[in-house]
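One-letter residues, chain by chain:
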Amino acid sequence: MTKAIHPYEVLRRPVVTEKSTMLATQGKYVFEVHKAANKHQIKDAVERAFDVTVTAVNTSNERGRRPRTRSGRRAGTPPTYKKAIVTVSPGDEIEFFEGV
């Protein structure tokens, strides 16, 4: 049994990149989510927050990659995070991403 996470704690921030803005035209939106959140919790959180109907959720764990340097010294690593690509039903859209 997974630990219950409040729906407003599931979604961390939207991921705004060139690829994610191209996916938005297809009705797919990308979010950084809580590491322990599962697909059902992500679907519930997006439906509550944006009042849309979610048809699919794809998740992936993104690794923080170490930057390569010429001298071999490392300043640190970016944090790892979990990413979710949420597909909404045709006709629905999330207004938060429009005009970005």
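It should be noted that the structure appears before, not after, this text.
Given the structure is predicted, the values throughout are model-derived calculations rather than measurements. (Residues numbered from 1 in each chain as written. Predicted model: local features only at pLDDT ≥ 70, side-chain atom pairs only at ≥ 80, totals over all residues. Heavy atoms only, no water.)

Regarding the sheet that holds strand β2 (residues 28-33)
Next up, step 1: Taken in spatial order, the four strands make up an open sheet running β1-β2-β4-β3, and their pairing is antiparallel. Edge positions in the sheet fall to β1 (11-14) and β3 (54-62), since each of these pairs with one other strand and no more. Between one strand axis and the next, the sheet turns through 35 degrees on average, direction left out of account.
Next up, step 2: Sheet analysis places β2 next to strand β4 (residues 81-88), joined by six bridges and oriented antiparallel. In the strand pairing of β4, Phe31 is matched with Ala84. (Pairing = 2+ DSSP bridges. Helix = DSSP H or I, 4+ residues; strand = E, 2+ residues; numbered from the N terminus. Axes fitted to C-alpha atoms, helices over the stretch in contact; angles between N-to-C directions.)

Topic: the pattern of salt bridges
Two side chains of opposite charge can pair, provided their charged atoms sit close to one another.
Next up, step 1: The final tally for this structure, using the stated rule, is three salt bridges.
Next up, step 2: Across the salt bridge formed by Glu32 and Arg13, the nearest N and O atoms sit 2.7 Å from each other. Here Glu32 is found in strand β2, whereas its partner Arg13 is found in strand β1, with 19 residues between them in sequence.
Next up, step 3: Its relative accessible area of 17% is what places Glu32 among the buried residues. (Salt bridge = Lys/Arg side-chain N within 4 Å of Asp/Glu carboxyl O. Buried < 20%, exposed > 50% of the residue type's maximum accessible area, 1.4 Å probe, protein only.)

A look at unusual backbone geometry
Next up, step 1: Not every positive phi belongs to a glycine, and Asp51 is a case in point at roughly 55 degrees.
Next up, step 2: As for its position among the elements, Asp51 is in the loop between α3 (39-50) and β3.
Next up, step 3: Since its relative accessible area comes to 71%, Asp51 is described here as exposed.

A closer look at the side chain of Lys82
Next up, step 1: Tracing the backbone through its elements, the reader meets Lys82 in strand β4.
Next up, step 2: Buried charge Lys82 goes without a salt bridge, the closest partner of opposite sign being Glu62 at 11 Å.
Next up, step 3: Apart from residues no more than four positions distant in its own chain, Lys82 is found in contact with Phe31, Glu32, Val33, His34, Lys35, Ala37, Thr59, Ser60 and Asn61. (Lys, Arg positive; Asp, Glu negative; His and termini not counted. Contact = heavy atoms within 4.5 Å.)

Focus on the nonpolar core
Soluble globular proteins tend to pack their nonpolar side chains together in the buried interior.
Next up, step 1: Counting residues in hydrophobic clusters, the biggest one holds 17 residues, and the most contacted among them are Phe31, Ile42 and Val46.
Next up, step 2: Looking at this core, the elements that each hand over two or more residues are β2, α3, β3 and β4.
Next up, step 3: Leave out the neighbours within four places in its chain, and Ile42 touches Val10, Val33, Ala37, Val57, Thr59, Ala84 and Val86. (Core = buried A, V, L, I, M, F, W, Y, C linked by side-chain atoms within 4.5 Å.)

Comments concerning the environment of Gly27
Next up, step 1: Among the structural elements, Gly27 can be located in the loop between α2 (18-24) and β2.
Next up, step 2: With 28 residues separating them in the primary sequence, Gly27 and Thr55 have C-alpha atoms 10 Å apart.
Next up, step 3: In this view, Gly27 contacts Val86, Thr87 and Val88; residues no more than four positions away in its chain are not counted.

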